Structure formats: C-alpha cells, structure tokens
Amino acid sequence: MRTGDPPAPLPGARLLFSLDPAVSYLNHGSFGAVPIGVQRAQQRLRDEIEANPHKFHTQGMVDRVIHTRRHIAAFLGADPDGSALVPNTTSAISLALQTVRLGPADEVLLTDHGYGAVDLAARRQCRRAGATARTVALPLAATDAEVISRVRSALRPGKTKLLIIDQIASATAATFPVGEIVAAAREHEIPVLIDAAHVPGMLPVDVSAIGADFWVGNLHKWAFAPRGAALLAVGPAWRRRVEPLVVSWEQEQGFPLSVEFQGTLDYTPWLAAPTGLFTLRTLGWAAVREHNAALVSYGQRVVGAALGLAPADLPQPTMPEVAMRSLPLPAGLATTGPEAVALRTLISDKLATETAVNAWGGRGMLRLSAQVYNRPEEYDRLAERLPQLLAGLQR
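Residues numbered from 1 in each chain as written. Predicted model: local features only at pLDDT ≥ 70, side-chain atom pairs only at ≥ 80, totals over all residues. Heavy atoms only, no water.

> Break down helix α11 (residues 268-283) for me, citing the residues and quoting the values.
Compared with an ideal rise of 1.5 Å per residue, which puts 16 residues at 22 Å, α11 spans 23 Å between its outermost C-alpha atoms and is within 8% of the ideal. Helix geometry: α11 is bent most strongly at Pro274, by close to 25°. Turning to α11, its buried residues are Thr268, Pro269, Trp270, Leu271, Ala272, Ala273, Pro274, Gly276, Leu277, Thr279 and Leu280. On its buried side, α11 packs onto α2 (36-51), α3 (53-58), α4 (61-76), β2 (83-86), α10 (257-260) and α12 (285-306). Downstream of α11 by one or two residues, Gly284 has phi in the positive range, about 95°. (Helix = DSSP H or I, 4+ residues; strand = E, 2+ residues; numbered from the N terminus. Expected span 1.5 Å × (residues − 1). Bend = angle between axes of the 7 residues up to and from the residue. Buried < 20%, exposed > 50% of the residue type's maximum accessible area, 1.4 Å probe, protein only. Contact = heavy atoms within 4.5 Å.)

Here it is, written out as structure tokens:
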C-alpha cells in the first residue's frame with residue numbers, strides 16, 4: 001500500500017453488520033454499530049428472561065455479572081474488584097462527581113475538549129455544592145508536552161478537587177497523555193477522572209498502569225457491545241466512598257455490586273459484551289486498528305482537500321491508531337451547538353451520510369469515523385458532494 005492509499009477491506013467484515021446499505025455510516029464514534037452476532041446473543045438473553053423472568057433475575061445473576069465484569073476488566077487491564085459495569089460513561093461521570101464530595105471552596109478543572117454532557121454534569125454538581133468549574137484551553141495542535149505543561153499550570157493545589165480530562169476527545173478526536181497528566185496531578189494530591197469513552201476496542205489500554213482515580217470507557221462504541229455497556233474503574237482510595245446513584249438490594253455489599261445491581265435494569269448489554277470482544281478478536285484486533293486508522297486518515301485527506309484545506313490544516317492525533325479524525329469547516333458554519341445539529345441533519349438528509357458535526361472553539365468541526373464496514377468510496381462521495389452543499393449555506 002502506497003502512502004496515502006486507502007487500506008484494503010477486511011474480508012467479510014461488512015457482512016457482520018445490519019446497517020442500511022443506502023447510507024454511508026461514517027459516524028461509528030457516536031453510537032457504534034452492533035454486529036449481527038452480538039445482536040443475536042443479546043436477543044437470546046432477552047428470550048431467556050421472558051421464558052422465566054424471576055429465575056433470570058434471582059438465580060445466578062450476581063455470578064454472571066461478576067464473570068462478565070472480570071472478562072471485560074481483563075481486556076482493559078483494570079482491576080475487576082475495583083471496577084463496575086455501568087450503562088454508559090455519562091452515568092459514571094455523575095457517580096464519580098458524587099463520590100468526590102465537592103465543597104464551597106472547591107473547583108473542578110475541565111478542558112475545552114470535554115464532552116458536552118460531562119461539562120453539564122460537572123457544572124450542575126458544582127452549583128449544588130457551591131463549588132466552581134473552570135476550563136483550561138488546550139490548542140488543537142498542541143504536543144503532549146504542551147498539554148502536560150498547560151494542565152500542570154492550571155492546577156490549583158488545595159483548591160482543585162478534581163481534574164476531568166479525555167483520553168480521546170469526542171468533539172475533536174484529539175488524544176491526551178493521560179498517564180503523564182495523572183502523575184502531574186498526583187504531585188499535588190489532586191484526583192483525576194479520565195473520560196475514555198472511545199478507548200475500549202479502539203486502542204490497547206492498561207487502565208491500572210494509568211493510575212487514575214476514576215477511569216470510564218464505553219464498550220458500545222469500538223468494542224462492538226450493545227448500547228448500554230461501559231466499565232468504570234475506581235482507584236483503591238475511593239472504592240469505599242462510592243455510593244450508587246440509586247440504592248438497591250446489593251447496597252450492603254459495597255462497590256462494585258452496589259453500583260451494578262439496580263433492580264429490573266436491562267443487564268443484557270453487559271452480558272452480551274464479551275461476544276463483542278470475541279468478534280473483535282476474530283477479525284484480528286491489530287488488523288482492525290490498522291484498517292480503521294488508515295481508512296479514516298484517507299477520509300480526512302480527501303474530504304479536507306475537497307474543502308480546500310491544506311494538510312497542515314488537518315488536526316492529527318498524537319496516537320496514530322485513533323479511528324476518528326476531525327477537520328475544520330468553512331468559517332461561519334456550525335459555530336453553535338444548534339447550528340452543528342442542523343448541519344449534521346442536513347448532511348444526513350441530503351447526502352445520505354452520517355457524520356458528527358460539533359461546534360468547538362468558535363468553529364464548526366466535522367468528525368469522521370472509520371470502522372471495518374466502511375469503504376474508501378464512501379469518503380470519496382462525501383468529498384464530491386459536501387462542498388456544494390456547504391456553498392449553498394454560505395450564500
């Protein structure tokens with residue numbers, strides 16, 4: 001493969017999914033796409049429930065969840081006894097914010113790459129506690145050293161009660177050196193919460209080695225699990241302090257069981273998640289990572305060129321295996337959240353293409369994803385048709 005060429009497709013991979021063939025689905029990063037085999041595994045679990053709901057929920061459920069958690073924790077390099085299965089990253093963020101127990105003199109430090117719902121959760125918790133939320137700006141083209149320096153300078157020992165940082169940012173697809181940032185914060189005994197929503201299944205990770213106080217990643221994005229599956233890993237110092245957002249029957253067992261069991265919660269996404277990991281391994285995880293990174297890099301180049309962007313204008317993650325890329329839209333487009341939603345919908349309706357559009361730093365950003373079901377021609381078609389669509393909006 002020459003430099004700049006798209007990768008060859010993985011044999012048979014496209015047939016594993018039930019996506020609409022009339023739509024170019026270039027937005028795996030938002031909600032994932034569940035392989036057919038995983039869909040069927042989840043449906044078998046649902047059938048088991050409906051055959052005898054009482055038996056499913058009361059006989060062996062604890063053991064099944066523990067077994068699943070251990071399987072997933074091993075894949076991520078997390079301590080299974082210090083981790084909990086949760087519905088998604090957003091719910092885990094609220095759980096961690098509650099655990100930290102902010103006070104009136106405290107602050108939460110965020111970055112301007114953070115996910116919108118995480119920012120909302122942090123600010124709500126600060127309002128309730130009388131604390132403050134502060135944001136540090138991290139330039140899109142910043143090196144790892146620059147990021148570490150900016151974050152270190154923004155920390156306020158004795159005041160900063162929690163640092164929240166992405167491992168892979170949703171809006172910009174930027175990657176951050178979380179291990180080094182955790183070490184810098186630890187010098188001042190400042191706890192760190194890592195939003196790793198996009199990491200499981202996209203990048204190899206050793207959660208225990210990172211050493212964060214809280215780390216959470218979704219399984220339904222890149223690890224092929226059904227939606228509603230994520231893992232929250234909690235550092236030893238915090239485990240006894242974790243209280244579930246809703247109290248249920250396993251409360252007296254403490255973390256993680258007190259968090260995992262919520263009555264009639266649908267546990268099938270968790271129990272089917274190992275089938276997603278099996279699918280990933282069957283395809284060859286290294287081959288999947290190489291394919292996705294090369295394909296999305298190709299897509300960023302061809303769409304960027306069509307929009308008149310030079311290679312230097314295309315943001316590049318510091319970790320080349322990332323399967324998402326962003327590119328700036330023409331000035332004046334999608335500069336606010338509602339405008340970004342409207343443009344995303346227009347691209348979907350007019351071009352039969354699903355993408356992510358975000359407003360970041362006063363500029364609209366188009367985010368592309370690549371997964372094994374995507375083909376180079378899908379990005380080529382977007383490159384051919386998107387400029388005309390955007391030109392119509394600028395008149």
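Now that the structure is up, let's keep going.
> Go over the sheet that holds strand β12 (residues 363-369) with me, naming the residues and quoting the values.
Whenever strands of a sheet pair, they do so through backbone hydrogen bonds, lying parallel or antiparallel. Pairing in this open sheet of 3 strands is antiparallel, and the strands run β9-β12-β11 from one edge to the other. Two strands close off the open sheet at either side, each with one partner strand: β9 (324-328) and β11 (356-360). When the angles between neighbouring strand axes are averaged without regard to direction, this sheet yields 30°. As paired strands, β9 and β12 are joined by 5 bridges and run antiparallel to one another. Note that in β12 the partner of Leu327 across the bridge is Leu366. (Pairing = 2+ DSSP bridges. Axes fitted to C-alpha atoms, helices over the stretch in contact; angles between N-to-C directions.)

> So what about the pairing of β11? Which residues, and what values?
Here 5 bridges tie β11 to β12, and the two strands are oriented antiparallel to one another. By the bridge assignment, Asn358 is partnered in β12 with Met365. Between β11 and β12, which pair antiparallel in sequence order, lie 2 residues; one of them, Gly361, sits at a positive phi of approximately 60°.

> Account for empty space enclosed by the protein, naming residues and giving values.
On inspection of all chains with the given rule, the structure shows 2 cavities of 30 Å³ or more. Here the largest cavity is characterised by a volume of approximately 120 Å³. If you trace the largest cavity, you find 18 residues lining it, with Leu140, Ala174, Thr175, Gln316 and Pro317 closest to the centre. Broken down by secondary-structure element, the contributors of at least two residues to the lining of the largest cavity are α7 (144-154) and β9. A breakdown of the residues in the lining of the largest cavity according to their chemical character gives 10 nonpolar, 6 polar and 2 charged. (1 Å grid on protein atoms, 1.4 Å probe; cavity = no way out; pocket = protein on both sides within 12 Å on 5 of 7 lines; lining within 4 Å. Points joined across faces, edges and corners; volume = space filled by probe spheres on them. Nonpolar A, V, L, I, M, F, W, Y, C, P; charged D, E, K, R; others polar.)

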